[in-house]
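# Summary of structural features
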Amino acid sequence: MEKQLYADPSFDCARLTVPLDYARPSGRTVTLGLLRHRATDTAHRVGSLVLDPGGPGGSGMTAAATLVKPAGQLAARFDFVGFDPRGVHASEPRITCRSDAEQDADRASDAESDRSPAGVAKQLAEARAYGASCAKNTGADVLAHIGTREVVRDVDALRSALGEEKLTYLGYSYGTQIGSSYAEAYPDKVRAMILDGVIDPAQDLPQTLVAQTAGFQDAFTQFARWCAKQPSCPLTGDATTAFQRLARPLVISKAPALPGRTLSFEDAVTATNAALYSRDNWPVLLRGLQELTHGQGSTLLDLADNYYERDPDGHYSGAIDAYFAVRCVDYDRVTDRATIDSAHRQMLTNAPFLDGGSPDTSELDVCSTWPVPPTSRTHRLSAPEPSKVLVVSTTHDPATPYRQGAAVAKALRAPLLTFDGTQHAAFLRGNACVDRIAAEYLVTTVARDSRCG
């Protein structure tokens with residue numbers, strides 16, 4: 001493990017070299033970006049806490065840096081170790097599919113709103129071109145070894161490089177898929193594991209996205225109830241109808257936004273869904289919707305930029321390309337057009353506030369023409385004995401609905417920590433009750449079913 005000092009002296013930065021293909025350990029290699037904040041109470045240090053923030057495409061290095069402060073005493077007892085999964089952010093090679101200009105052009109287009117036969121044919125042609133671009137710019141061999149199957153092996157290599165006999169792990173969202181897969185592959189090497197905002201590997205891609213849109217509608221309803229109590233809330237009357245009245249015209253005529261740019265319907269939907277991940281963003285979403293009533297879209301476009309990880313200079317982090325690349329090898333391929341169309345209809349039925357365009361469903365089309373085959377399969381988790389895992393699930397989680405966490409807890413025979421709230425994931429995100437229970441578990445490895453409000 002190559003090590004160097006990070007710009008902030010309280011962090012160590014390093015790279016870990018691993019095989020691209022574990023079946024060929026002496027072949028081509030890739031490197032993973034790592035960031036570590038050392039435990040400050042060395043006399044009572046427990047070990048290393050490896051973490052992943054999700055995505056796919058999220059940076060564990062960034063997560064480690066940002067979670068140290070809210071972690072408080074937990075960061076005194078553990079080294080916080082964030083890793084960028086293969087292909088992501090600081091890891092090399094990085095997944096690259098589109099240029100910055102092409103990403104902007106794709107977002108500005110509302111082609112996905114056209115569900116006519118010609119529109120569907122165009123979407124499929126664009127999906128095929130996108131996959132071909134990923135293979136050309138990244139390499140088909142890299143795309144074929146970018147999924148969770150390989151990331152789990154990387155995590156075990158990281159555990160060993162850190163000198164830990166067993167893994168202590170914190171995974172959010174997609175990070176829970178990494179965690180549950182690791183627990184299946186290496187059950188004897190798990191010391192403690194928190195899975196927060198859980199993805200259920202028993203659901204295929206259409207089922208996952210259909211459930212997710214229902215979660216976003218639920219969170220939107222919660223937001224609308226809050227909004228109705230605020231001055232100048234534009235969601236008067238039926239909130240879904242009011243949102244449609246504001247957003248649907250953007251399919252035909254985009255709103256002026258940041259200098260030289262406009263707000264599309266797709267970006268308005270992305271901004272809204274992104275803001276629903278945390279109540280902290282609700283006032284920003286309210287301001288964006290208020291602006292839209294006056295034909296202005298800057299705040300919503302800024303929210304969408306943050307979601308896509310686009311900086312003010314117009315550069316993208318690559319997280320969106322990584323998202324599709326991992327999704328397309330982690331799920332069974334769906335090629336039947338009737339199945340895809342049925343899933344789209346169910347998604348819009350579940351989330352009527354999104355109707356008039358398309359929610360984030362294009363992976364059903366992108367993955368159907370992906371240039372490399374899947375490397376993971378939809379399956380039910382199983383645990384021969386109670387696992388050393390604590391599952392955290394939020395009752396009104398927009399992205400990973402509560403019942404997914406409950407199902408995974410049952411399958412792993414693991415305790416379930418329920419948080420009554422409206423946000424995506426809960427640990428180290430502002431609730432003292434959740435933080436206390438989860439932090440105690442990481443130190444003691446003891447937990448039981450519990451609930452926080």
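Going by the structure above, here's the rest.
Residues numbered from 1 in each chain as written. Predicted model: local features only at pLDDT ≥ 70, side-chain atom pairs only at ≥ 80, totals over all residues. Heavy atoms only, no water.

It is worth spelling out the nonpolar core at this point. In terms of nonpolar packing, the biggest core is built from 70 residues, with M193 and W370 touching the most fellow members. Looking at this core element by element, the count peaks at eight residues for helix 13 (residues 319-330). Once you skip the residues sitting within four places of it in the chain, W370 turns out to touch Y130, G131, C134, L143, F324, A325, C328, V329 and R333. F220, F265, W282 and L292 belong to the second largest nonpolar core, which has 38 residues in total. (Core = buried A, V, L, I, M, F, W, Y, C linked by side-chain atoms within 4.5 Å. Buried < 20%, exposed > 50% of the residue type's maximum accessible area, 1.4 Å probe, protein only. Helix = DSSP H or I, 4+ residues; strand = E, 2+ residues; numbered from the N terminus. Contact = heavy atoms within 4.5 Å.)

With that settled, consider the environment of R94. Following the sequence through the fold, R94 ends up in the loop between strand 5 (78-84) and helix 3 (100-108). With 27 residues separating them along the chain, R94 and L67 place their C-alpha atoms 24 Å apart. Here R94 is in contact with G87, V88, H89, T138, Y316, S317 and G318, once residues within four sequence places are set aside. Polar side-chain contacts of R94 include one of 2.8 Å to the backbone oxygen of S317. (Polar contact = N/O pair within 3.5 Å; in protein donor to acceptor, adjacent residues only side chain to side chain.)

When the terminal C-alpha atoms of helix 7 (residues 174-185) are compared, their 17 Å separation across 12 residues agrees well with the 16 Å that a helix rising 1.5 Å per residue should span. Those residues of helix 7 not exposed but buried are Y174, G175, T176, Q177, I178, G179, S180, S181, Y182 and A183. For helix 7, the elements touching its buried residues are strand 4 (47-52), helix 6 (148-161), strand 6 (167-172), strand 7 (190-196) and helix 13. (Expected span 1.5 Å × (residues − 1).)

Bringing the packing of helix 8 (residues 205-227) against helix 11 (residues 282-293) into the picture now. Between helix 8 and helix 11, the least distance of the axes is 11 Å, while the angle of their chain directions is 75 degrees. As far as their axial angle goes, helix 11 and helix 8 are roughly perpendicular. Contacts between helix 8 and helix 11 involve A219, Q222, F223, W226 and C227 from the first element and W282, P283, L285, L286 and L289 from the second. Residues of the contact of helix 8 with helix 11, tallied by class, amount to nine nonpolar, one polar and no charged. (Axes fitted to C-alpha atoms, helices over the stretch in contact; angles between N-to-C directions. Parallel < 35°, antiparallel > 145°, perpendicular 65-115°, else oblique. Nonpolar A, V, L, I, M, F, W, Y, C, P; charged D, E, K, R; others polar.)

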